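Architecture and fold: a report
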Amino acid sequence: MKKRSVLCAWIALSPAILSPAAWADEAPAIGSFGASVSSNGLGIDYARAIHRKLDLRIGYDFGTLSRDSVESGIDYDVEFKFSAVRLLADLKPFGGGFRISAGLYTGSPELELEAEGLAQYTLGERAYIGDLQVLGDIDLGGAAPYFGIGWGGTAGTTGFGASFDLGALFTRSPEVQLSVPRGRACDASASPCDPNGASSFDVNDPNNSQAATFRDNVMIERQQLEDDADDYRLWPVIRLGLHYRF
């Protein structure tokens, strides 16, 4: 009986909810262009109000951010690279500036790691002293869904306004590549250990047993980085923007 009552109520109300006239009465002719800075780099976007409580947004994020990061005892220079189109729907439940956003980013951030120079490197299960170049890449996949909340957008009168977004990208499990394309090293636990002396070896020498062990430890290090990078599957997005409503 209860289910039948709900169904009857829905049939009675659906023309008012779904009819084009109902949406037309509530659809303000407001759009906006904006620019932003975020944890995904710089951004530009266009938003269009199709209803008092619903906006559609399209935008583009781009740029590169750099920072130092110590991973497994290695001091890496890390570059975060961004290039993605954003396709979002903003639900404004109260008809004002507050919004709940969901949509899709066409690309996920990419991380490039580099460590270079004479130093001690902990790779896998062993420490080495060497003059090395260590290169890494963390791939979080392609398109990723987005969910978040925010304030600002097309609501209100025309003119300039500010906006704020807080949300997350749900990326795939990261894939990590790690290589040591050149360098000489020695086992830090051995004595003496001179990376330029007789105790050293070319890390890419196919006929050296120490070099083979070194390369095995590089693969162990790659797996450890991949396990650590699993935290990036939930990529935080914080955005501050300025837009012009018309």
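Look above for the structure.
I will try to describe carefully the structure that is included in this document. (Residues numbered from 1 in each chain as written. Predicted model: local features only at pLDDT ≥ 70, side-chain atom pairs only at ≥ 80, totals over all residues. Heavy atoms only, no water.)

For the bond from Ser-191 to Pro-192, the omega torsion is 0 degrees, close enough to zero to count as cis. Secondary-structure assignment places Pro-192 in the loop between strand S10 (175–187) and strand S11 (201–202). (Helix = DSSP H or I, 4+ residues; strand = E, 2+ residues; numbered from the N terminus.)

By the element assignment, Thr-171 lies in the loop between strand S9 (159–170) and S10. Taking relative accessible area as the criterion, Thr-171 reaches 7% and is therefore assigned buried. In terms of polar contacts, Thr-171 uses its side chain to reach the backbone carbonyl oxygen of Tyr-232, at 3.2 Å. Sequence-distant contacts of Thr-171, defined by excluding residues within four places in its chain, comprise Ser-108, Leu-140, Ala-144, Tyr-232, Arg-233 and Trp-235. (Buried < 20%, exposed > 50% of the residue type's maximum accessible area, 1.4 Å probe, protein only. Polar contact = N/O pair within 3.5 Å; in protein donor to acceptor, adjacent residues only side chain to side chain. Contact = heavy atoms within 4.5 Å.)

Turning our attention to helix H3 (residues 209–228). Helix length check: H3 (20 residues) gives 29 Å between terminal C-alpha atoms against 28 Å at 1.5 Å per residue, within 8%. For H3, the set of buried residues is Ala-211, Phe-214, Asn-217, Val-218, Glu-221, Arg-222, Leu-225 and Glu-226. Looking at the buried side of H3, the elements it contacts are strand S3 (54–71), strand S4 (74–91), strand S6 (110–123), strand S7 (126–139), S10 and S11. (Expected span 1.5 Å × (residues − 1).)

Our next topic: a negative patch on the surface. Where like charges cluster on the molecular surface, the negative patch consists of Asp-68, Asp-75, Asp-77 and Glu-79. At three residues, S4 tops the list of elements feeding residues into the negative patch. Inspection of the secondary structure assignment puts Glu-79 in strand S4. (Patch = residues over 30% accessible without salt bridge, like charges linked within 9 Å, V, L, I, M, F, W, Y side chains within 5 Å. Areas by Shrake-Rupley, 256 points an atom, 1.4 Å probe, with all protein chains shown as cover. Salt bridge = Lys/Arg side-chain N within 4 Å of Asp/Glu carboxyl O. Lys, Arg positive; Asp, Glu negative; His and termini not counted. Charge placed at Lys NZ, Arg CZ, Asp CG, Glu CD.)

Here the structure, examined in full by the defined rule, presents 13 aromatic pairs. Aromatic pair Phe-33 and Tyr-46: ring centres 5.0 Å apart, planes at 45 degrees, arrangement tilted. You can see Phe-33 sitting in strand S1 (residues 31–38) and its partner Tyr-46 sitting in strand S2 (residues 41–51), a full 13 residues away along the chain. In this structure Phe-33 comes out as exposed when scored by relative accessible area, which is 51%. Relative accessible area serves as the criterion here: at 28%, Tyr-46 is assigned to the partly exposed category. (Phe/Tyr/Trp six-rings, centres within 6.5 Å; stacked < 30°, edge-to-face > 60°.)

By themselves these figures say nothing about function.
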